Amino acid sequence: VDDLAEVDYSLNSLPAVFQPFIDLDLKGIVYPAGNYTGLPYMAAPFTIPDPSDSMLYLAFSEYFFQTYSFAYYTAGAFNITIAEETCSYFNISTEIFGSIIPEVAKYSVTPYPVMLKLMATEIPIISLEQDSFTVEIQGSMEVFAVLPDSTSQSLFTTNITANASIALNIFDQKLMGSLCLNRLQFSLAHSNVGFFEISLLENILSYILQTEVIPSANAKLSKGLPLP
């Protein structure tokens, strides 16, 4: 797939040949690159409707997407650092945080650029339902002040629960996706500036995720997963 993951499309069994069609049972397992053991999931059998009016039918199980999620989680693909240059472009600094949260203003009197580190704290959960494909992500965001000597000082860390929908399409023999954020929830995990109500920050944190993180994720999804 890329330098982080590999996909196994080998046959589970011999092709089943019928008069109107041929049935191929493929593994469809995504592994972390170079690591082909230790998947925490069990594949469940499933069936697709009898072919009728199309030349080719492709069916993907929830297991396939679960292994995809596990492979990229293991490789650290869900860990993102938003550098101070990007934050400065969006005018996000300790001064902006301080104007919303008095504790930050008291802690950091001098305005400094900020850096954000986001990471998934659990394997994202993918659910396939009729006419929907959702992913639930548990993560964290740590906010740092970047000091003049280029060192960083942690201000606070938030827990994040995100629910998103993924639209799938096939193009150029690749399975591609597009992520749309449905719901975000924040809670304060740790603070070096003192306790504050995280609800004060929800708008700015949501803005950061919508303008930087989601486009970054969609750029990766647009590269596609090669099909057999």
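- Looking at an unreviewed UniProt entry, one finds the protein chain named Bactericidal permeability-increasing protein and attributed to Cuculus canorus.
- Recorded in UniProt for the protein chain, the comment headed Subcellular location (unreviewed entry) runs: "Secreted".
- Annotation of the protein chain in UniProt includes, under Function (unreviewed entry), the sentence "The cytotoxic action of BPI is limited to many species of Gram-negative bacteria; this specificity may be explained by a strong affinity of the very basic N-terminal half for the negatively charged lipopolysaccharides that are unique to the Gram-negative bacterial outer envelope."

1. Quick word on the environment of F133
So, step 1. Tracing the backbone through its elements, the reader meets F133 in strand 8 (residues 132–146).
So, step 2. Overall, F133 belongs to the buried group, its relative accessible area being 8%.
So, step 3. Distance in space between the C-alpha atoms of F133 and Y207 is 24 Å, their sequence separation being 74 residues.

2. Quick word on a nonpolar patch on the surface
So, step 1. Together, L11, V17, I22 and L24 make up a nonpolar patch on the protein surface, roughly 410 Å² of accessible area in all.
So, step 2. Considering the arrangement of structural elements, one finds I22 in strand 3 (residues 22–23).

3. Some points on the environment of A167
So, step 1. Residue placement: A167 occurs in strand 9 (residues 152–171).
So, step 2. Along the backbone, A167 and P113 are 54 residues apart, and their C-alpha atoms lie at a distance of 36 Å.
So, step 3. Apart from residues lying up to four places away in sequence, A167 is in contact with M176, G177 and S178.

4. So, helix 1 (residues 62–74)
Think of an α-helix as 3.6 residues a turn; residues three or four steps apart then line up on the same face.
So, step 1. The terminal C-alpha atoms of helix 1, which comprises 13 residues, lie 18 Å apart, in line with the 18 Å expected from a rise of 1.5 Å per residue.
So, step 2. For helix 1, the set of buried residues is Y63, F64, F65, Q66, T67, S69, F70, A71 and Y72.
So, step 3. Two residues or fewer past helix 1, G76 is found with a positive phi of approximately 80 degrees.

Cut-off values and rules
Residues numbered from 1 in each chain as written. Predicted model: local features only at pLDDT ≥ 70, side-chain atom pairs only at ≥ 80, totals over all residues. Heavy atoms only, no water. UniProt positions renumbered as here; feature names shortened; annotations may be inferred. Helix = DSSP H or I, 4+ residues; strand = E, 2+ residues; numbered from the N terminus. Buried < 20%, exposed > 50% of the residue type's maximum accessible area, 1.4 Å probe, protein only. Patch = residues over 30% accessible without salt bridge, like charges linked within 9 Å, V, L, I, M, F, W, Y side chains within 5 Å. Areas by Shrake-Rupley, 256 points an atom, 1.4 Å probe, with all protein chains shown as cover. Salt bridge = Lys/Arg side-chain N within 4 Å of Asp/Glu carboxyl O. Contact = heavy atoms within 4.5 Å. Expected span 1.5 Å × (residues − 1).

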